[in-house]
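Spelled out from the first residue to the last, the chains are:
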Amino acid sequence: MNLTDETKNGVLVLSPQGRIDTRTSSEFEQAVMAHAIGPDGATQVVMNFGGLDYINSTGMRVLLILAKRLAGVKGKLVLCEMKEHILEVFKISGFNQILTITDTEADALERF
Amino acid sequence: MAPRRGPGGKSKAPTFSCKLDKDLGELSGMLVALEEFAEKHGVSPLQTQRITLSVDELVTNIIKYGTRAMEHAHIHMWATIVDGTFHIEIEDHGIPFDPFHEAPVPDTTLPLEERPIGGLGVFLVQSLMTTTNYERTKDRNRITLTRSLTAGGQEEAQ
């Protein structure tokens, strides 16, 4: 798992690559929280899943924590470019009802 | 049909088997090998991901909870493909636990602020697999999963 970050139009775009499983989810959590939470943390966040091949429920847990924290500071999280099998799991979990998911990163950035 | 165990079976069906220590790094490696096995035998990427995720969620629970009090524990896994169905068996010596009846069912309709953190793993397995079964025999938990490879290949599970 690798996480890259860049800022576009004032929105933090985080792009995890590879696999987020039980072993790597704590690393993912630390990296995400370091960028998006904390005294100088961003509150407007896009998570681009284009390079993500795999995520299990421990990784999804991190997204839920992030979404709750951002909602608590009037921030926003938008997910985009999800592969078919990942989108299926997010729909089964009802995450598509509580998180904003768009096809492309450009669509995601327009939500802010 | 139950999966045949190991190369000694008479079936020519492709088989995959492995023994893991209770170690999340070993689990990661096993999941990649399972994916390669499925892909090599023509299982579609979507079906492969459903299978891999299901095994991951269940074995993660065994490592984190079922065998937590044990210093050493082994988890055995077998998989085979017979007549368009992917069969999986997972066995461990941990505490007796039927994930399909004892794990709480999450409410996936709750709004963000009321959503509890965690508790989705077993629910995902039950949604993604065609059948799920648990039995306790002697000192072992045995989970049996099947995934039909001829149905539900393209449409969303929900």
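Residues numbered from 1 in each chain as written. Chains lettered and ligands numbered in written order. Predicted model: local features only at pLDDT ≥ 70, side-chain atom pairs only at ≥ 80, totals over all residues. Heavy atoms only, no water.

(A) Just the overall build of chain A, in detail. What chain A contains, in helices and strands, is 5 helices and 6 strands. Along chain A, helices and strands appear, N-terminal first, in the series β-β-α-β-β-α-β-α-α-β-α. Taking 112 residues into account, the globule formula puts the C-alpha radius of gyration at 13 Å, and chain A, at 13 Å, falls close to it. For chain A, the spread of C-alpha atoms along the three principal axes comes to 30 × 25 × 25 Å. Every one of the 112 residues in chain A was classed for burial, and the buried ones make up 51%. A fraction of 67% describes how many contacts in chain A between residues 6 or more apart in sequence connect residues 24 or more apart. (Helix = DSSP H or I, 4+ residues; strand = E, 2+ residues; numbered from the N terminus. Rg over C-alpha atoms; globule rule 2.2 N^0.38 Å. Buried < 20%, exposed > 50% of the residue type's maximum accessible area, 1.4 Å probe, protein only. Contact = heavy atoms within 4.5 Å.)

(B) The arrangement of the interface of chain A and chain B in detail. Chain A puts 27 residues into the contact, and the matching count from chain B is 36 residues. Here chain A and chain B share an interface that buries about 2,600 Å² over both sides, 60% of which is from carbon and sulfur atoms. Among the residues of chain A in contact with chain B, A:Lys68, A:Glu88 and A:Ile92 are the three that bury the most area, contributing 24% of the side total. Where chain A meets chain B, there are 2 salt bridges. One salt bridge connects A:Glu88 with B:Arg50, and the closest N-O pair in it is separated by 2.6 Å. Along the contact surface separating chain A from chain B lie 12 residue pairs in polar contact (both at pLDDT 80 or more). (Buried area = accessible area lost by both parts, 1.4 Å probe. Salt bridge = Lys/Arg side-chain N within 4 Å of Asp/Glu carboxyl O. Polar contact = N/O pair within 3.5 Å; in protein donor to acceptor, adjacent residues only side chain to side chain.)

(C) Representation of the environment of B:Glu135 within the structure. Residues and elements named next belong to chain B. Relative to the assigned elements, Glu 135 resides in strand E4 (residues 131-137). Between the alpha carbons of Glu 135 and Pro 96 there is a distance of 9.2 Å; along the sequence they are 39 residues apart. Each residue touching Glu 135, except ones within four places of it in the same chain, is listed here: Arg 140, Asn 141 and Arg 142.

(D) Main features of unusual backbone geometry. Residues and elements named next belong to chain B. Positive phi, normally seen in glycine, also occurs at Asp 83, with a value near 50 degrees. Following the sequence through the fold, Asp 83 ends up in the loop between strand E2 (74-82) and strand E3 (85-92). The backbone of Lys 138 shows a phi angle near 50 degrees, a positive value even though the residue is not glycine. Of note, Lys 138 is situated in the loop between E4 and strand E5 (140-148). Using a relative accessible area of 83% as the deciding quantity, one classes Lys 138 as exposed.

(E) Summary view of the packing of aromatic side chains. All names here are of chain A. Under the criterion given, the structure shown has 4 aromatic pairs over all chains. Here the aromatic rings of Phe 49 and Phe 90 are separated by 6.2 Å at their centres, their planes lie at 80 degrees, and the arrangement is edge-to-face. Of this pair, Phe 49 sits in the loop between strand E3 (44-48) and strand E4 (52-55) while Phe 90 sits in helix H3 (residues 84-92), placing them 41 residues apart in sequence. A residue is classified by how much of its surface remains accessible, and Phe 90, at 0% relative accessible area, is buried. (Phe/Tyr/Trp six-rings, centres within 6.5 Å; stacked < 30°, edge-to-face > 60°.)

(F) Spatial organisation of the side chain of A:Glu105. Residues and elements named next belong to chain A. With respect to the helices and strands, Glu 105 occurs in helix H5 (residues 105-109). For Glu 105, a relative accessible area of 12% translates into the label buried. For Glu 105, the side chain forms a polar contact with the side chain of Lys 8, separated by 2.4 Å. Sequence-distant contacts of Glu 105, that is, excluding residues within four places in its chain, are made with Lys 8, Val 13, Asn 48, Cys 80 and Glu 81.

(G) Structural context of the sheet that holds strand E1 (residues 15-21) of chain B. Residues and elements named next belong to chain B. Strand order in the open sheet made by the 5 strands is E1-E2-E3-E5-E4, with antiparallel pairing throughout. At either end of the open sheet lies a strand with only one pairing partner, and these are E1 and E4. On average, each strand axis in the sheet is inclined to that of its neighbour by 15 degrees, with strand direction left out of account. Here 7 bridges tie E4 to E5, and the two strands are oriented antiparallel to one another. The partner of Thr 137 across the bridge, within E5, is Arg 140. Lying over the sheet, helix H1 (residues 24-40) contacts E1, E2 and E3, oriented at roughly 175 degrees with respect to E1. (Pairing = 2+ DSSP bridges. Axes fitted to C-alpha atoms, helices over the stretch in contact; angles between N-to-C directions.)

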